[in-house]
Amino acid sequence: MYEPSRTHRGPSAHSVAEQRAAADGYPHRSREEELDIRLAGHLTALLTVTDELRVLEPDPELDTAAHRLATQVARLRGAAPLRAEPTSPDAGAGHVEALHRRAHTLAGNALVVATAREDVPGEAIAAARMEAHAAALGL
């Protein structure tokens with residue numbers, strides 16, 4: 001059998017890649033910066049769905065959730081999130097259920113990224129939204 005030499009002290013594949021990245025002149029982000037961007041994206045998408053639900057099912061809990069989500073996105077991005085204008089308030093029950101399913105999925109995605117980033121406030125809002133949408137779906 002072949003066993004690679006353990007005495008080889010050449011550059012690792014990672015250090016070679018880092019040198020190439022530094023030499024190409026492009027700005028590169030750290031893992032933490034990438035996770036911040038991903039978490040902010042998931043929370044912004046969840047905020048958009050929450051705003052849709054607020055129009056279709058007015059509820060003070062959704063208002064509070066939207067405010068908390070906007071606060072977290074602003075913390076991660078350094079600026080208030082852009083918010084889309086919700087659609088017509090005349091959607092059917094099937095549309096509301098689909099929005100709750102989408103929100104549940106988005107909250108789960110945000111929870112995974114927040115956990116990887118060790119972002120306690122992000123984890124808290126994502127977990128709370130998952131629970132709320134699971135309850136709305138009867139899960």
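In this convention, every chain numbers its residues from 1, walking through the sequence in written order. Residues qualify for local features only when their pLDDT is at least 70, as the model is predicted, and side-chain atom pairs are given and counted only at 80 or more; totals for whole chains, interfaces and linings, by contrast, use all residues. Note: side-chain values were computed over all heavy atoms of the structure, leaving out hydrogens and water.

Turning our eyes to something else, we now look at the environment of His 133. Counting from the N terminus, the helices are DSSP H or I runs at least four residues long and the strands are E runs at least two residues long. Along the chain, His 133 falls in helix 5 (residues 120–137). For every residue, the accessible area obtained with a 1.4 Å probe (protein chains only) is divided by the maximum for its type, and the residue is called buried under 20%, exposed over 50%, and partly exposed between those limits. Residue classification places His 133 among the buried residues on the basis of a relative accessible area of 0%. On a C-alpha basis, the gap between His 133 and His 100 in space is 5.5 Å, while along the polypeptide they are 33 residues apart. Contact definition: two residues touch when any of their heavy atoms are within 4.5 Å. Those residues in contact with His 133 that sit more than four places away from it in its chain are Leu 46, Leu 53, His 100, Ala 103 and His 104.

Turning next to unusual backbone geometry. Generally, phi is negative for residues other than glycine and the peptide bonds are trans, each holding for most cases. Its identity as a non-glycine residue notwithstanding, Glu 118 has a phi of 60°, on the positive side. If you trace the backbone, Glu 118 turns up in the loop between helix 4 (93–117) and helix 5. Owing to a relative accessible area of 68%, Glu 118 belongs among the exposed residues under this scheme.

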